[in-house]
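# Coordinate inspection notes
The primary structure of each chain is shown beneath.
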Amino acid sequence: MTRDLRADLLRGLALWMIVVNHTPGNALSQFTLKNFSFADATEAFVLLAGYAGAFAYAGAADRQGWAMAAGRALRRVGKLYMAHIFLLVVFTAQVGFSAAALDRGTYLDELALDPFAEDPYRTLLEALLLRFQPAFLDILPLYIVLLVLLLPMLALRRRPLLLLGISLAIWAAARGFDVNFPRWREGGWFFNPLGWQLLFVIGFLLGQAARGGPTLPWPPRSRLLTGAAVFYLVICAVTLVIAERLPAVMARMPEGFAQFLASVDKTSLHPMRLFAILALCWLVVVGVPRDATWVRSRLARPFVLMGQHSLPVFCFGILLSFLARVVLEAEDGMLMQWLVNLLCLAALIALAVLSDWQREGQRLPAPAPAQ
């Protein structure tokens, strides 16, 4: 089955939004998904990761058996772990050097890197155990755990209802009993894998449906469901606009309204966030055919490549976002805003193109030895 370029395109857009949202002072962040929906780029990234996992690993399990597919997944886990540790070291050096050179000690505190100054050896050990996660470096640990959880998912790939039932039970228990992975010094993980695994499983089952594997009987396309998805997303957008941009209106809202918004947590995937990303997913499925011509256009191609090489693009994007922050703190004019965002996007695209060129080079057959 041919690759679903819609997933690559959306993953590329999600990676770009992560960079924009991780840059304090970036005016463009006012127009990203998080301002108009309870779901944001993280939900999209995890859902698409599960979707891609069905193609990459469930298909391999069908062809070669569970053990071979599990081995491939574990190799990917190792690659992600090494990428996370490398990113942690480079990001810590980048922030630490900037804090010292610019006399901005607040960088270390804001990004939760101050333990390196207080107890560097223990902090490094906890980082290797994934129990220490500075700000912006908590997505890859989540992804690592989700890929480990993919191993039993592959074993249950032919029993989708049981798989979803177990996933729902774990999600409900995580939320109801506040169960989370331990985090050094600060309670639990910011992205609780026991909650977020549900979105990963849903993405996996959607991928199973797309590739023709065993899955759930998903509802047929209908105007009623499409209308409900649009209505829900409009309600989300209006709610967030009132809460974030209309303080006079917010002051007149019932007290329970503010309490409700505060309860929509990201840590264990609040149902409102889950419904929001599923509504967005539904609209993409019904509104963008898999063979849509524009998905293969030159305009979409850069984001498709970014999505196909998500790991290096994500890691580079984290480093770029902090560099962009330093630049915008020095000069915050409109011209600099445009320049920073365009240069960051160009750098991410260049990395994706280079990664694709390298991958294609590895696929070429080796030249025959000279006679």
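The preceding data block contains the structure.
Heads up: these notes are all about the structure in this document. The shown structure was predicted, so the numbers you read here are calculated from the model rather than taken from an experiment. (Residues numbered from 1 in each chain as written. Predicted model: local features only at pLDDT ≥ 70, side-chain atom pairs only at ≥ 80, totals over all residues. Heavy atoms only, no water.)

So, about the overall build of the chain. Broken down by element type, the chain carries 16 helices and zero strands. Relative to the globule expectation of 21 Å for 371 residues, the C-alpha radius of gyration of the chain, 21 Å, shows essentially globular dimensions. Its C-alpha atoms give the chain principal-axis dimensions of roughly 70 × 55 × 45 Å. Here the chain holds 371 residues, and 47% of them are scored as buried. In the chain, once contacts between residues fewer than 6 apart in sequence are set aside, the share between residues at least 24 apart is 76%. (Helix = DSSP H or I, 4+ residues; strand = E, 2+ residues; numbered from the N terminus. Rg over C-alpha atoms; globule rule 2.2 N^0.38 Å. Buried < 20%, exposed > 50% of the residue type's maximum accessible area, 1.4 Å probe, protein only. Contact = heavy atoms within 4.5 Å.)

We describe a pair of aromatic rings using the distance from one ring centre to the other and the angle between the two ring planes. Tallied over the entire structure, the rule returns ten aromatic pairs. Judged by centre distance (5.6 Å) and plane angle (80°), the ring pair of Phe116 and Phe132 falls under edge-to-face. Taken as a pair, Phe116 in helix H5 (residues 115–118) and Phe132 in the loop between helix H6 (120–128) and helix H7 (139–155) lie far apart in primary sequence, 16 residues in all. For Phe132, a relative accessible area of 5% puts it in the buried group. Where Phe181 meets Trp189, the ring centres are 5.2 Å apart and the plane angle is 70°; that geometry is what we call edge-to-face. On the basis of relative accessibility, which here comes to 26%, the residue Phe181 falls in the partly exposed class. A relative accessible area of 4% means that Trp189 is categorised as buried. Aromatic rings pair up to connect Phe91, Tyr107 and Phe322 into one cluster. Positioned above the aromatic ring of Trp184, the side-chain terminus of Arg185 is 4.4 Å from the ring centre. (Phe/Tyr/Trp six-rings, centres within 6.5 Å; stacked < 30°, edge-to-face > 60°. Lys NZ or Arg CZ within 6 Å of the ring centre and 35° of its normal.)

With that settled, consider helix H15 (residues 310–330). In this model, H15 (21 residues) spans 30 Å end to end at C-alpha, consistent with the 30 Å of a helix rising 1.5 Å per residue. Summarising burial for H15: 15 of the 21 residues are buried, a large majority. (Expected span 1.5 Å × (residues − 1).)

This part is about helix H3 (residues 66–101). Because the α-helix completes a turn every 3.6 residues, residues three or four places apart line up on one side. Taking 1.5 Å of rise per residue, 36 residues should cover 52 Å, and H3 covers 52 Å from first to last C-alpha, within 8% of that figure. Positive backbone phi, approximately 55°, marks Asp103, located one or two places after H3.

Time to look at the environment of Leu128. Here Leu128 is to be found in helix H6. Linking Leu128 and Gly25, residues 103 residues apart in sequence, is a C-alpha distance of 31 Å. With residues near it in sequence (within four places) discarded, Leu128 still touches Tyr81 and Ile85.

So, on to the nonpolar core. Ranked by internal contacts, the top residues of the largest apolar core, which has 108 residues, are Trp16, Phe38, Phe91, Leu150, Phe200, Phe204 and Phe314. Ignoring sequence-local partners within four residues, the contact set of Phe38 consists of Glu43, Tyr232, Cys236, Thr239, Leu240, Leu261, Val264, Met272, Arg273 and Ala276. (Core = buried A, V, L, I, M, F, W, Y, C linked by side-chain atoms within 4.5 Å.)

Now for the pattern of salt bridges. Overall, the coordinates contain 18 salt bridges when judged by the stated rule. We note a salt bridge from Asp40 to Lys266, for which the minimum N-O separation is 2.6 Å. Of the two residues, Asp40 sits in the loop between helix H1 (5–21) and helix H2 (41–64) while Lys266 sits in the loop between helix H12 (255–263) and helix H13 (271–287), which places them 226 residues apart along the sequence. Considered together, Asp40 and Lys266 belong to a single accessibility category, that of buried residues. Each of Asp40, Glu43, Lys266 and Arg273 takes part in one network of salt bridges that share partners. (Salt bridge = Lys/Arg side-chain N within 4 Å of Asp/Glu carboxyl O.)

This brings us to the state of the cysteines. Considering all chains together, one arrives at zero disulfides under this definition. Lacking any disulfide linkage, Cys236 is separated from the closest cysteine sulfur, that of Cys281, by 15 Å. Here Cys236 falls in the buried class, since its relative accessible area comes to 1%. For the unlinked cysteine Cys315, the closest cysteine sulfur is that of Cys344, found at 16 Å. (Disulfide = S-S within 2.5 Å.)

Checked against the element boundaries, Val179 lands in the loop between helix H8 (160–176) and helix H9 (193–211). Separated by 89 residues in the primary sequence, Val179 and Ser268 place their C-alpha atoms 9.1 Å from one another. When sequence neighbours within four positions are dropped, the list of residues in contact with Val179 reads Ala173, Ala174, Asn192 and Leu194.

Attention shifts here to unusual backbone geometry. A positive phi angle is found at Asp103, which is not glycine, with a value near 55°. Relative to the helices and strands, Asp103 resides in the loop between H3 and helix H4 (106–110).

This part covers the packing of H1 against helix H14 (residues 301–308). In the contact formed by H1 and H14, the axes pass within 6 Å of each other and the chain directions differ by 85°. The angle between the axes of H1 and H14 places the two elements in the roughly perpendicular class. Of the residues in H14, those touching H1 at Leu5, Asp8, Leu9, Arg11, Gly12, Leu13, Leu15 and Trp16 are Phe303, Val304, Met306, Gly307 and Gln308. Split into classes, the residues belonging to the contact of H1 with H14 amount to eight nonpolar, three polar and two charged. (Axes fitted to C-alpha atoms, helices over the stretch in contact; angles between N-to-C directions. Parallel < 35°, antiparallel > 145°, perpendicular 65-115°, else oblique. Nonpolar A, V, L, I, M, F, W, Y, C, P; charged D, E, K, R; others polar.)

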